Protein chains: 2
Amino acid sequence: MSEWDTRKEQASTWFKTLRNDICAEFEAIEAELADGPKADQKPGIFERTDWQRDNIDEPNESGSILKGGGEMSLMRGRVFEKVGVNISEVHGIFADEFASRVPGADESKGAFWAAGISLVAHMQSPLVPAVHMNTRMIVTSKGWFGGGADLTPIFPDDEDTRTFHDALKECCDSHDHSYYEKHKEWCDRYFFLPHRNEARGVGGIFYDYLDSENWADDFAYTQDVGKTFLSVYPEIVRKHMNRSWSDEERDYQLVRRGRYVEYNLLYDRGTQFGLKTGGNTDAILMSMPPEVKWP
Amino acid sequence: MSEWDTRKEQASTWFKTLRNDICAEFEAIEAELADGPKADQKPGIFERTDWQRDNIDEPNESGSILKGGGEMSLMRGRVFEKVGVNISEVHGIFADEFASRVPGADESKGAFWAAGISLVAHMQSPLVPAVHMNTRMIVTSKGWFGGGADLTPIFPDDEDTRTFHDALKECCDSHDHSYYEKHKEWCDRYFFLPHRNEARGVGGIFYDYLDSENWADDFAYTQDVGKTFLSVYPEIVRKHMNRSWSDEERDYQLVRRGRYVEYNLLYDRGTQFGLKTGGNTDAILMSMPPEVKWP
């Protein structure tokens, strides 16, 4: 087994482990709900669907060859109105148009391998922030990690924002003291809606092309981003989930979700990447909020 | 006054006249509603908001200079859940990146003028089709018309589809016997969601870069597209608006509206053009459905 094959296997295994841990934790939160407008509903559990690309050696409609597959985990619960946790491991050949924009893909003649985990949670309560977390490993003639986590409260709460950022800063600092500032700023720049001149949420961290020449370090950082997410987000959810909310707060939540949709469809590179390489539409658009208003 | 100045004025005046006629007709429909789940609500009337770009000679964030303005007419009614009818007349200088993709804009050094009317209606009843109509005139170093109308029923009804297409065919045929086939096909190709491998609706007509070297003919055709829309769509609305619907039908309507959002944000050139040239976000995104589900 080549060095990169071992790395791919390690990363894939990690994304699956993290998926399992997150799903278990989110189901525990569902079970714990004790009060508020949805407490009389049944706790949600994840439904898992796996998908496999037809392993065809011909380019699909996008001009890329895409093989592999993934697993979608979707829960429609009483705390988590809709949360999707997807893992995937795909490989193939990028269409030329695409290859020219991906590092190392010219040298690999378009060949790529990618695995990752991607999570978006839209919450029943407008008092509980929505969240996004994604980490991935990509290999062409180069190999790197990317990802991050960012929080989208409907009604930003300074303490939550601080809790979230402090946890990410601690995670970053334990790997490289330059990471937090750099990756926080990248997140602010990336999750921004120019047509609204507004940020998508209160930020977090985002990084890409992380290839420090020490693969084990980069992998450890990527693992820690996932673990940090898994410790800090549930804390924020539990803090607010038993509170009641008003119809006006709910309505405002549905309007703010519109911004999430605008961002994901107009700007999100993951969405564009996925849809343009002929990826799994259901998995890619699992991030769409369950209910939205543009009044 | 130069020939093109006269043409611009004629086109602008027409778009305003058409807007007035459409709004009057839609308000008449609101008043006529006699039965169905929403008949006890107050008939809607249009609210009009005008907007004017700061007339600044510096490029905005998109790199383009954009001047001029428009009027948005928005009605939230008992038949029309949300309908926006926008007219605008803008001019300026395209950013280089954009100019290279617009006919005649290299020769005009990016200078352009554009006016048009744009309408999207999302209906209360899932038994009444949503609809889109837009016509516009654009001038760079060349001048042309574009636009069209297309129907998006939630539950397609063969008779409605035939009524809509027959009216458009008659309109096309009265100008040029090649138009209907060409512009119908263009519509089918254009309003298509590759990631879903499905059409947005049941089609209609779409045309662009119409510059037959007889401006008066092109203008007359564009006017007739508007008039045809104004005669045929109200007929379809009136046919179904007094019927009742089920919660399941309503729910399916909200899901189908998600496709509309996906199309408009992922593919619609008008949306992309508008947002990327620093256009009026409220006017551009007035086409978003009032309520949507991605369950």
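Residues numbered from 1 in each chain as written. Chains lettered and ligands numbered in written order. Predicted model: local features only at pLDDT ≥ 70, side-chain atom pairs only at ≥ 80, totals over all residues. Heavy atoms only, no water.

A. Structural context of the relation of the copies chain A and chain B. It takes a turn of 180° to lay chain A on chain B, together with a shift of 0.0 Å along the axis; the resulting RMSD is 0.0 Å. Expressed as an axis order, the relation between the two copies is that of a two-fold axis. Of all interface residues in chain A, 95% are interface residues in chain B too; the two copies therefore contact each other through one and the same surface. (Least-squares fit on C-alpha atoms with pLDDT ≥ 70 in both. Contact = heavy atoms within 4.5 Å.)

B. Spotlight on the interface of chain A and chain B. Taken together, the contact pairs 22 residues of chain A with 22 residues of chain B. Buried area between chain A and chain B, both sides added, is near 2000 Å², and the carbon and sulfur share of it is 61%. Of all residues in chain A, Leu265, Leu266 and Trp294 of chain A give up the largest surface area on contact with chain B, accounting jointly for 28% of the area buried on that side. Taken together, chain A and chain B are joined by one salt bridge. A salt bridge links Asp282 of chain B to Arg196 of chain A, with the shortest nitrogen-to-oxygen separation between them at 4.0 Å. Counting every contact that joins chain A to chain B gives seven residue pairs in polar contact (both at pLDDT 80 or more). Of all the secondary structure elements, the ones that give two or more residues to the side of chain A that touches chain B are helix H6 (247-266), helix H7 (269-276), helix H8 (281-284) and strand E10 (291-293) of chain A. (Buried area = accessible area lost by both parts, 1.4 Å probe. Salt bridge = Lys/Arg side-chain N within 4 Å of Asp/Glu carboxyl O. Polar contact = N/O pair within 3.5 Å; in protein donor to acceptor, adjacent residues only side chain to side chain. Helix = DSSP H or I, 4+ residues; strand = E, 2+ residues; numbered from the N terminus.)

C. Region of the structure containing the packing of aromatic side chains. One pass over the full model with this rule turns up 40 aromatic pairs over all chains. When the centroid spacing of 5.9 Å and the interplanar angle of 90° are considered together, the rings of Phe191 of chain A and Phe206 of chain A count as edge-to-face. In this pair, Phe191 of chain A is assigned in the loop between helix H4 (179-190) and strand E7 (192-193) and Phe206 of chain A in strand E9 (residues 203-210), connecting sequence segments 15 residues apart. An identical accessibility class is assigned to Phe191 of chain A and Phe206 of chain A; each is buried. For the pair Tyr190 of chain B and Phe206 of chain B, a centre-to-centre distance of 4.3 Å together with 20° between the ring planes defines the contact as stacked. Taken together, the residues span a long stretch of sequence, with Tyr190 of chain B in helix H4 (residues 179-190) and Phe206 of chain B in strand E9 (residues 203-210) at a distance of 16 residues. In this pair, the class of Tyr190 of chain B matches that of Phe206 of chain B, namely buried. Each member of the aromatic cluster is reached from another via a ring pair, and the members are Trp186, Tyr190, Phe191, Phe206, Tyr263 and Tyr267 of chain A. Directly above the aromatic system of Trp4 of chain B lies the positively charged group of Arg7 of chain B, at a separation of 4.5 Å from the ring centroid. (Phe/Tyr/Trp six-rings, centres within 6.5 Å; stacked < 30°, edge-to-face > 60°. Buried < 20%, exposed > 50% of the residue type's maximum accessible area, 1.4 Å probe, protein only. Lys NZ or Arg CZ within 6 Å of the ring centre and 35° of its normal.)

D. Local environment of the pairing of strand E4 (residues 111-123) of chain A. Residue and element names in this part refer to chain A. Summarising burial for E4: 11 of the 13 residues are buried, a large majority. Relative to E4, strand E3 (residues 80-93) runs antiparallel, the two being bridged by 13 bridges. Residue pairing in the sheet places Ile93 in a bridge with Ala111 of E4. In this sheet, strand E5 (residues 130-139) lies alongside E4 in antiparallel orientation, the contact comprising nine bridges. Of the residues in E5, the one forming a bridge with Ala115 is Met137. Where E4 folds back on E5, the antiparallel hairpin that results is connected by six residues. (Pairing = 2+ DSSP bridges.)

E. Structural detail: the sheet that holds strand E1 (residues 47-52) of chain A. Residue and element names in this part refer to chain A. The seven strands lie next to each other as E1-E2-E3-E4-E5-E6-E9, forming an open sheet whose pairing is antiparallel. Of all the strands in the sheet, just E1 and E9 have a single pairing partner and so form its edges. Across the sheet, the axes of successive neighbouring strands diverge by a mean angle of 5°, strand direction being ignored. Docked against the sheet, helix H3 (residues 158-173) engages E5, strand E6 (143-152) and E9, running at close to 30° with respect to E9. Lying over the sheet, H4 contacts E6 and E9, oriented at roughly 105° with respect to E9. (Axes fitted to C-alpha atoms, helices over the stretch in contact; angles between N-to-C directions.)

F. Up close: the sheet that holds strand E1 (residues 47-52) of chain B. Residues and elements named next belong to chain B. Within the open sheet, the seven strands sit side by side as E1-E2-E3-E4-E5-E6-E9. Their pairing is antiparallel. Because the sheet does not close on itself, it has two edges, and the strands there are E1 and E9. Neighbouring strand axes in the sheet, compared pairwise and without regard to direction, differ in orientation by 5° on average. For strand E6 (residues 143-152) and E9, the ladder comprises six bridges, and the chain directions are antiparallel. Considered in E9, the bridge of Gly148 is made with Phe206.

G. Representation of the packing of helix H1 (residues 3-32) of chain A against helix H5 (residues 215-240) of chain A within the structure. All names here are of chain A. Contact geometry for H1 and H5: axes closest at 11 Å, N-to-C directions at 5°. Regarding the angle of H1 to H5, the classification is roughly parallel. For the contact of H1 with H5, the residue count by class is 16 nonpolar, four polar and six charged. (Parallel < 35°, antiparallel > 145°, perpendicular 65-115°, else oblique. Nonpolar A, V, L, I, M, F, W, Y, C, P; charged D, E, K, R; others polar.)

H. Just unusual backbone geometry, in detail. With a phi close to 75°, Glu213 of chain A is a non-glycine residue in the positive phi region. On the secondary structure map, Glu213 of chain A appears in the loop between E9 and H5. Judged by relative accessible area, which is 77%, Glu213 of chain A ranks as exposed. At Asn197 of chain B, a position not held by glycine, the phi torsion is positive, near 50°. The residue Asn197 of chain B is located in the loop between strand E7 (192-193) and strand E8 (198-199) in this model. By relative accessible area, Asn197 of chain B is classed as exposed at 54%.

Function-wise, these values are silent; they only describe arrangement.
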